[in-house]
Amino acid sequence: MTADYPALAAAIASLTAGETDAIALMATVVCEVHHSDSRFDWTGFYRVVEPELLKIGPYQGGHGCLVIPFSRGVCGAAARTGKVQRVANVESFAGHIACATSTRSEIVLPVHDGKGELIAVFDIDSDRPDAFTEADSDGLSAILASVFSRL
Ligand code: SME
């Protein structure tokens with residue numbers, strides 16, 4: 001099963017209509033995205049809780065690291081640069097944080113509010129190598145922008 005991004009975006013828009021609580025929105029996005037695609041083995045948010053520090057937020061999958069500084073890992077790189085990180089092989093990414101040894105590839109997207117502030121990163125990990133494409137980056141970026149620009 002591969003994500004149908006237009007359908008996923010429509011489902012999330014409908015489920016979250018009128019909602020402005022960040023955690024309620026994140027929990028709903030995580031649930032819908034995680035179950036939309038069999039490549040997605042861990043799906044979750046790391047929220048910016050203080051300068052240069054991410055803490056785990058709503059997620060699905062096995063437990064993840066609770067705290068990630070901006071200086072570390074793929075999540076930290078997304079937070080630092082404000083750019084989508086698509087890592088085909090986590091073993092070749094210097095500083096990758098291995099929360100699950102089964103993870104082979106991942107995508108991490110920055111999440112901005114309506115003022116353009118970074119509020120979180122959205123991390124999807126796959127047990128398959130090179131699981132993520134440009135279509136995932138585009139589809140997920142569009143969903144995140146439409147949901148979180150209302151904050
Ligand atoms: N792989 C991430 C860490 C988060 S967990 O895998 C859930 C990283 O290197 O940023």
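Residues numbered from 1 in each chain as written. Predicted model: local features only at pLDDT ≥ 70, side-chain atom pairs only at ≥ 80, totals over all residues. Heavy atoms only, no water.

## Structural notes on the packing of helix α2 (residues 22-34) against helix α4 (residues 134-148)
Two elements in contact, α2 and α4, have axes whose closest approach is 11 Å; the angle formed by their N-to-C orientations is 155°. Taken together, the axes of α2 and α4 are roughly antiparallel relative to one another. The element α2 and its partner α4 pack so that their crossing is right-handed. Note on element contacts: α4 touches α2 through Leu-140, Val-147 and Phe-148, opposite Ala-22, Leu-25, Met-26, Val-29 and Val-33. (Axes fitted to C-alpha atoms, helices over the stretch in contact; angles between N-to-C directions. Helix = DSSP H or I, 4+ residues; strand = E, 2+ residues; numbered from the N terminus. Parallel < 35°, antiparallel > 145°, perpendicular 65-115°, else oblique. Left-handed = near helix turned anticlockwise from the far one by under 90°. Contact = heavy atoms within 4.5 Å.)

## Here's the deal with the state of the cysteines
Taken as a whole and assessed by the stated rule, the structure comprises one disulfide. Each sulfur of the disulfide joining Cys-65 and Cys-99 lies 2.3 Å from the other. Taking the torsion about the S-S bond as the criterion, the Cys-65 to Cys-99 disulfide, at about -110°, is left-handed. Of this pair, Cys-65 sits in the loop between β2 (53-60) and β3 (67-69) while Cys-99 sits in the loop between β4 (85-87) and β5 (105-112), and the two are 34 residues apart along the sequence. Summary of cysteine pairing: Cys-31 is not part of a disulfide, and the nearest cysteine sulfur, belonging to Cys-75, is at 20 Å. Cys-31 sits in the partly exposed class, given a relative accessible area of 28%. There is no disulfide at Cys-75, and the cysteine sulfur nearest it, in Cys-99, is 7.9 Å away. (Disulfide = S-S within 2.5 Å. Buried < 20%, exposed > 50% of the residue type's maximum accessible area, 1.4 Å probe, protein only.)

## Examining the site of the ligand
Near the ligand you find Trp-42, Tyr-46, Ile-68, Gly-73, Val-74, Cys-75, His-96, Ile-97, Cys-99, Glu-106, Asp-123 and Asp-125, and these make up its full shell. Contact distances for the ligand include 3.3 Å between a nitrogen atom and a side-chain N or O atom of His-96. Secondary-structure elements contributing two or more residues to the shell around the ligand are β1 (42-50), α3 (73-81) and β6 (118-126). With three residues, α3 is the largest single contributor of residues to the shell around the ligand. Taken together, the residues of the shell around the ligand break down into seven nonpolar, two polar and three charged. (Near = heavy atom within 4 Å. Polar contact = N/O pair within 3.5 Å; in protein donor to acceptor, adjacent residues only side chain to side chain. Nonpolar A, V, L, I, M, F, W, Y, C, P; charged D, E, K, R; others polar.)

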